[in-house]
Every structure is written in C-alpha cells, then in structure tokens.
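# Examining the three-dimensional arrangement
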Amino acid sequence: MISLFKSTRFFEKINLKGELQYYLKDLYIFLLSTLISVMLAELLAFEEKTEIDFVDRIFGYIYFLIPIFSLSLVASYIYRNKRIKETGKVRSSLRYRLTLAFVFVSMLPSIPIFLFSSNFVGKMVESFYRIDISEALKSSRHNVRLLEAEDRNTLFEKGKKLFSGLSGISANDETILSRAIELRLLDPEKYYIGIIKNNLIVTENLSLFTSLSKSNFKKKKEEPFENFTLYRKDKCFFVIKIQLSESKSILLGKRIHSGNEENIFNIVNTESSYNTFDLWKERVPFALRLALGLFSVTMFGLSILLSLIMARRISRPIVQLATATQRISLGDTDVKLSLKEEGEMGILIDSFNQMTKDLKSKNEELMHTQRIAAWKEVAQRMAHEIKNPLTPIQLSAERIRKRLESPEKNNFEEVVRNGTDTIIGQVRVLEHLVKEFSEFARMPNPILINQKLNPIVEESIQLFRGSTNVRFETKLSKTLPELFLDKRLFLGVVNNLIKNAIEAIEKNNEEISGKENTGLIVITTKMERKIVRKFVVLLIEDNGPGLSGDMQSKIFEPYFSTKEEHGTGIGLTIVEKTVLDHHGHISIEKSHLGGCCFRIELPIETNS
C-alpha cells in the first residue's frame, strides 16, 4: 500500500505548490482507492452474476471503498511521517490524524444503517465465502418438486376423470360426491375434496383452508388445471381447482410428503423467506431506490470532503508555524505569517509575527554592535601588525641619514644597501598584511551548486599526500546526498584545515624527539539527524598537541593565531565565514586521537 503513495512524488516534480498540491494528492488517493474498490467488487462480488441492480452495484462499490479508502488514509499518514523523518520537511501528518478522526466519527454510526439498507450483504457473504445459499435453496426446492411429480400427475389424472364424469350433466353435491366415491377420493388421510360456490367453500371432507384467495392458484400451459401446493408442518397437500361453472368449482387435493412434512416445510419456508428480500425491488420504485443509493454516495463523499477541509483548516496554521520556525532556525528572520485565524490560533500567529519582528530588530542591533566591535578589534590588530614593520623601516632610514650627514662616510654604500633591503622587505610585509586584510573584507559570494562532498575532500587530500610524512585515514560515507556547495571556496576550507593539522603535528614532532612519522589525520563524512533536520557532517581530526579551552574559544577570531612566527590569524576566520555562507556550522572539540577535531555541519536540501 505504501508503494502506491510513493507515486505521489509525481506532484513534487510538477510545479504545484501550497494547498493545491495537497488537495491534488488527496484526490489522487481517493480516485485510486475508488478504482481498486470497483475492480475488487467486480472480481469478488459480481463475478458470475449476470443480473445486478444498478443501485446494488453502487452499494457494492461503497462496501469496498469504505475500508480501502480508510486504509489508504492510514497508509498515507504512516508514509508521510516516514518522509518527515527522512527529509526533515514538515508535512501535515496532524492533518491526516484529524482527517481519520473525522471520517471515522462521521461514518461509523451510519455504517449499520447503510448495511441494512440493501439485501446485498447476504450476497457479499456468499461471494467472500464462496457459499451460494440461493442456488442451494433452489436445488433443494427442485428435489422437492421431483418428489411431488408422481403425486401431481396422479391427481391431475383423477381430476381429469372427475371432470369428464361431471361434464354435460347438472352436477349437484350428491353427484359430485358419488363420482368422488367411485374414484376413491374421500379418504381424508390421502385426499381432500371441497365444493366452492360463489367463492365460498360449502363442503369439504376435512378442514384444510381457513381462507382462500384466487391468487393462490396458478396454471402453466402444459397443466390441465389451476393448482396450488399447501405446505404445513403437520400436513402437505397438492390441490387442483376444477372449474365446473362460473359460480361453482371443485377443490381436489392429494396428500404429499407423508411423514416428512416438517423437513419439507422448513426447506420451502426458508427459500421463500430468503427470496422475499428481493421483493423490495418490486415494491419500492426504482426512483426511490436510486435516490437512496445516490444519497448514500453523496453523504459518504461529503463526509470525506468535509473531513479533509476541516482537518486542513486546523492543521494548516500549525504546519506553517512549524515551517516558519525552521526558517528562523536557519537564520532567516524575515518571516511573517499572513494567515488570518480566529481564537487562540489567531493570537498565536500574531504573537509569532511580533516575535519575529522583535527578533529581527534585536538581531540587527546585535549585528551592528558586533560589527563595530569586530572592526574595532581588527583596526587595533591591524595597527599593531603595521607598527611592527614600521620600526625597522624607521631605524634603517635614520641610519642612512646619519651616515649621509656624517663627515666620515665609511661603508656608506653597504649601509644604504642594508637599509634599503630592510625597508623593501618590511614594505612587502605591509603589502602582504594589506592584501590579506583586503581579501578578508571582500570575500566573494559563494555560487552554490548541487554536488557531492566526498570528491572535494578526496581532491584536497591528494594535494597533501606525498608531500608530508603524516598519514591520512578516511571514513567517507558512500550514501551521502548531494549538497549545495561552492567547490572553489569549500576546497579552500578543507585545504586550510588539513594544512593546519599537518603544521601542528610537524611542530609537535620537532619539539618531542622520537615522534617522526607518527602523524595521523582522520577525515570522516557521515549523515546525522537533529530533531527533524538532517545534516552532513565533516570531521577532520589529528593526533597533534591540541588546543587549550581558552584557545578554542578564540580560534575563529580575526588575527588570532597560534603560529607565532608566520601566522596572520585570517585563515580560520575565512573558513568560518565560508561555512556560514554555506548555511552550515563549524566548531572545534577534543579529538579521541589526542589533538583537535574540527566539525562542520552542512544542512541537506538548503537552496542558495
């Protein structure tokens, strides 16, 4: 069943968004359930049935549709919950729970009434269990008729003889009884005889009829007389009607099934009772039955439609609130819900909009304060860094000037040469500082393209493999999804982290003897989940000396460096900014190898 709902991803491929996409998915599920219901009804219930009433056919479809559609809703609810856990996208599982509740509450009380509104239930039971009660009763009734055939023929022959003996004469009661005695028809244990005048029984040899209706007697073309079979638990008779004149007739009967009357009565009565359920088709007009069927279908459809609409109205603001909170968690504070709701939900939406407005304002104030503080610190550090090369420049210039003003100009050329070399070298240092500062201040905006992370990591490792004695160990997951990355910028991030790890290991090996060729860097990629969001995690660990807690808290600050001789403190600041531009997060922690572990988390399915 769940595989059917996976086909609803078709709606994600076409350009449909918002409520229309959800309604089309619901319509798709309903139409698919209807198609399955019709197919099952035709295969299981209507197989080998040639005469099926239109209304009964509609009822049959609905009998199948109710459980199948309900199971479809349950399966859809389970599937959407599974998709929420896999993708982190908020979908309306709450809406499906509400829909199921509304559907069951509205349908359960009406199901018993609906089931008893048609004789289709019995036929459904027969179809499911392959027990055809109607055919069994017909066969039993046919066997009863075969048992009666000889007695019927005997009575027809005696009736013909009685009628021929009375034809052509004025038959009075004495003549009729006299002729009956000759034919041995007055034995009350075997035969019944009654005389009817003006539709009233005036004479009979035993009390058999309390009332008599003309509709009881029927005649087939091949039969000589109208006849009627009377079934009772104590006696069963086959009776024929011999019409002598318009006002006078004779009832002649023969006892049948002697000693087995009760069993025969049960068979005949059961068949009659079973068949009377079909009489409603004859007694109730077709228009009324059609109206009943259409009313049932309409009410069923309305209950589902209203359930979906009511559930949608309740769940929509909750789903949008959840989506909005996710956007805020990703740093987007420009979120405002335009929903117009009443009551508690309206108050919640207004409060949320006010909260996001206040949060945006405070974030702007905080960012402004942080920018001022950051650039103030950068300016201080830049001034300090520039001051260092200015001192040798000033001293060199003063030394040249003194030698120029001195009357003794010994080694003047050497002093000028050394001074100019010093000045040029320090100017280059200044140029390098200005260049790095400029690059940090004007980092390019990333161009994010959907691609794999592992090839970027492997390319970075190849740059360093062979040029160092440090060993590399990789644990790259093969099931990572594609991410939105700028390859050039992110390759620089990985290069910088690996380079720092190598330098830390080599410096540690120089300080501690006997540690050559023992450096190890472990690089891991994997996927992790936080609540309903998924991340791809990149871990770069080393067995170097590590960092103290104070250093870890300052490691991403501009111009803070642990490399006393040649570090500028810009590299990790650029790394952090690049990760943030990829909507990710970077942190540093203690590695189980003994050194540092840089952890980068990149969200899945984040558009640029």
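All of these numbers come straight from a predicted model, not from anything done at the bench.

## Brief notes about the nonpolar core
Within the largest apolar cluster, 37 residues are counted, with the highest numbers of intra-cluster contacts made by F490, I498, I521, L538 and I600. When residues of this core are assigned to their parent elements, the largest contribution, 9 residues, is made by helix 16 (residues 487–511). If sequence neighbours within four positions are ignored, L538 has contacts with L453, V457, F490, V494, I523, T524, T525, F598, R599 and I600. By size, the runner-up hydrophobic cluster in this structure holds 24 residues, among which are Y191, I193, F225 and I256.

## Things to note about the environment of G595
Note on placement: G595 falls in the loop between strand 11 (585–590) and strand 12 (596–603). Non-local contacts of G595, meaning those with residues more than four positions away in its chain, are made with D542, N543, G544, G546, E589 and K590.

## Some words on unusual backbone geometry
Located in the positive-phi region is H257, a residue other than glycine, with phi close to 55°. Examined against the element boundaries, H257 turns out to sit in the loop between strand 5 (248–255) and helix 10 (261–276). Positive phi values are uncommon outside glycine, yet H583 reaches one of about 60°.

## Some remarks on the sheet that holds strand 9 (residues 520–530)
If you trace the 5 strands from one edge of the open sheet to the other, you get 7-9-10-12-11, paired in mixed fashion. Strand pairing shows two members of the sheet lacking a second neighbour, strand 7 (471–476) and strand 11, which therefore form its edges. Averaged over all neighbouring strand pairs, the angle between strand axes comes to 20°, with direction disregarded. On the sheet, helix 15 (residues 454–464) packs against strand 7, strand 9 and strand 10 (533–542) and is oriented at approximately 175° with respect to strand 7. With respect to the sheet, helix 18 (residues 571–581) is in contact with strand 11 and strand 12, its orientation differing from that of strand 11 by roughly 130°.

## A look at the pattern of salt bridges
Within the structure shown, the criterion is met by 16 salt bridges. One salt bridge connects K487 with E459, and the closest N-O pair in it is separated by 3.2 Å. With K487 in helix 16 and E459 in helix 15, the pair connects residues that are 28 residues apart, well separated along the chain. We classify K487 as partly exposed; its relative accessible area is 39%. Judged by relative accessible area, which is 32%, E459 ranks as partly exposed. Through salt bridges that share partners, K526, E528, R599 and E601 make up one connected network.

## Some words on the sheet that holds strand 1 (residues 191–197)
Pairing is antiparallel in the open sheet, where 5 strands are placed in the order 2-1-5-4-3. A strand with exactly one partner marks an edge of an open sheet, and here the two such strands are strand 2 (200–204) and strand 3 (226–231). The average angle at which neighbouring strand axes cross in this sheet is 25°, direction not considered. Together, strand 1, strand 2 and strand 5 form the strand contacts of helix 9 (residues 173–182), whose direction differs from that of strand 1 by roughly 165°.

Basis of the calculations
Residues numbered from 1 in each chain as written. Predicted model: local features only at pLDDT ≥ 70, side-chain atom pairs only at ≥ 80, totals over all residues. Heavy atoms only, no water. Core = buried A, V, L, I, M, F, W, Y, C linked by side-chain atoms within 4.5 Å. Buried < 20%, exposed > 50% of the residue type's maximum accessible area, 1.4 Å probe, protein only. Helix = DSSP H or I, 4+ residues; strand = E, 2+ residues; numbered from the N terminus. Contact = heavy atoms within 4.5 Å. Pairing = 2+ DSSP bridges. Axes fitted to C-alpha atoms, helices over the stretch in contact; angles between N-to-C directions. Salt bridge = Lys/Arg side-chain N within 4 Å of Asp/Glu carboxyl O.

That is the geometry; function is a separate question.
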